[in-house]
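These are the residues of each chain, in order.
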Amino acid sequence: MPPSEGDVIEIHSHRMPILYRRHARARNYVLRLHFTKTVIVTIPRQGTKRFAREFVASRKSWLEKQWRIIEARRVPPHVLRPGMEILLRGQPVTLELRRQGQHWHLHFGAERTPVANSDGNLRPALERYLHNAARVELARRVQELAREHASIVKHIVIRNQKSRWGSCSCNGTISLNWRLIQLPDYVRDYIIIHELMHLKELNHSPGFWREVEKACPDYRVAEKWLKRNSGQVGF
Ligand SMILES: [Zn+2]
């Protein structure tokens, strides 16, 4: 039998390695396209690798269909390009690339950050920059608001959270999503105050909301903004 290591099949012009697995209990040849884009063939005890190879070749259109299913399921990497808009501190800003000598910079609003090249996805550079900026700005704002509302914050963590704005733990840690830097100031402040009030009451009881309202009388306006505009945040 010819060496099988290194068998590949071309699916939609992608070369996919084929792995053969012999299973004593398998009754039939079984074909699977793994999401890592590897073709896996199970060979039954009485089977041969030669037949397995023919089997793979004969199921090529089935593999192509599986490949399309896998591709469709993958969340498309959201590519950010020059000319696109993001929200920053409540204002839409346009992403612009500018060249300075050998170097490229991403400009947006009053900010700028270097990028490695001019034709890639701007997302990594932008996220890195905003996450760092959020670390400084949000920490400062938490301290200011904590002083104003007589709260004691022991630790502030700025996180990359997908679905929450912030959280708070009973040991005095406040965690905030770096995307808070995208919100209008009064909405950002409301979220911080909300978490500060949780340091006093770790629930959403009427008592908790009374405290929130005392500290942030317009909190309902901020809540409304979040309901309407959360979709614009993140990019
Ligand atoms: Zn809450």
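Conventions and cut-offs
Residues numbered from 1 in each chain as written. Predicted model: local features only at pLDDT ≥ 70, side-chain atom pairs only at ≥ 80, totals over all residues. Heavy atoms only, no water. Donors = N, O, S within 2.8 Å, 3.2 Å for Na, K, Ca; no water. Buried < 20%, exposed > 50% of the residue type's maximum accessible area, 1.4 Å probe, protein only. Helix = DSSP H or I, 4+ residues; strand = E, 2+ residues; numbered from the N terminus. Pairing = 2+ DSSP bridges. Phe/Tyr/Trp six-rings, centres within 6.5 Å; stacked < 30°, edge-to-face > 60°. Contact = heavy atoms within 4.5 Å. Salt bridge = Lys/Arg side-chain N within 4 Å of Asp/Glu carboxyl O.

Here we take up the coordination of the zinc ion. Distances from the zinc ion to its protein donors, His194 (NE2), His198 (NE2) and His204 (NE2), fall at 2.0 Å. Sequence spacing of the donor residues for the zinc ion, all on one chain, is H-x3-H-x5-H.

Before going further, it helps to spend a moment on the pairing of strand β1 (residues 8-11). Along β1, the buried face is formed by Ile9 and Ile11; none of Val8 and Glu10, which line the opposite face, is buried. Pairing geometry for β1 and strand β2 (residues 14-23), over four bridges, is antiparallel. Counted as the bridge partner of valine 8 is proline 17 from β2. Where β1 folds back onto β2 in an antiparallel hairpin, the turn is made up of two residues, including histidine 12, whose phi is positive at roughly 50 degrees.

Turning our attention to the packing of aromatic side chains. This model, assessed by the stated rule, comprises six aromatic pairs. Measuring from centroid to centroid gives 4.6 Å for tyrosine 29 and phenylalanine 51, while their planes differ by 40 degrees, and the two rings are tilted. With tyrosine 29 in the loop between β2 and β3 (30-34) and phenylalanine 51 in helix α1 (residues 49-58), this pair connects stretches of sequence that are 22 residues apart. With 5.9 Å between their ring centres and 25 degrees between their planes, tyrosine 190 and tyrosine 219 make a pair best called stacked. In this pair, tyrosine 190 sits in helix α4 (residues 185-198) while tyrosine 219 sits in helix α6 (residues 219-229), placing the two residues 29 residues apart along the sequence. With respect to class, tyrosine 190 is no different from tyrosine 219; both count as buried. Taken together, the ring pairs in this structure connect Tyr190, Phe208, Trp209 and Tyr219 into an aromatic cluster.

What follows concerns the environment of glycine 6. The residue glycine 6 is located in the segment before β1 in this model. Residue classification places glycine 6 among the exposed residues on the basis of a relative accessible area of 65%. Note: C-alpha distance between glycine 6 and leucine 176 (170 residues apart in sequence) is 48 Å.

Side chains of β3 alternate between two faces, with Leu31 and Leu33 buried and Val30, Arg32 and His34 left unburied. As paired elements, β3 and strand β4 (residues 38-44) share five bridges and run antiparallel to each other. Along β4, the bridge assignment pairs leucine 31 with valine 41.

A few words now on the environment of leucine 95. If you trace the backbone, leucine 95 turns up in the loop between β6 (91-94) and β7 (96-100). Residue classification places leucine 95 among the buried residues on the basis of a relative accessible area of 1%. Sequence separation of leucine 95 and glycine 83 is 12 residues, and the distance between their C-alpha atoms is 5.3 Å. The contact partners of leucine 95, leaving out residues within four places of it in the chain, are Leu80, Arg81, Pro82, Gly83, Met84, Ile86, Leu106, His107, Phe108, Leu122 and Leu126.

Inspection of every chain in the model, using the stated rule, returns 11 salt bridges. Among the salt bridges present, the one from glutamate 127 reaches arginine 123, with a minimum N-O distance of 3.0 Å. Taken together, the residues span about one helical turn, with glutamate 127 and arginine 123 both in helix α3 (residues 123-148) at a distance of four residues. The exposure class of glutamate 127 is partly exposed, given its relative accessible area of 23%. For the salt bridge of arginine 188 with aspartate 189, the shortest nitrogen-to-oxygen distance reads 3.0 Å. With respect to class, arginine 188 is no different from aspartate 189; both count as buried. Shared partners join several salt bridges into a network, and the residues in it are Arg141, Glu144, Asp185, Arg188 and Asp189.

Structural measurements only, silent on function.
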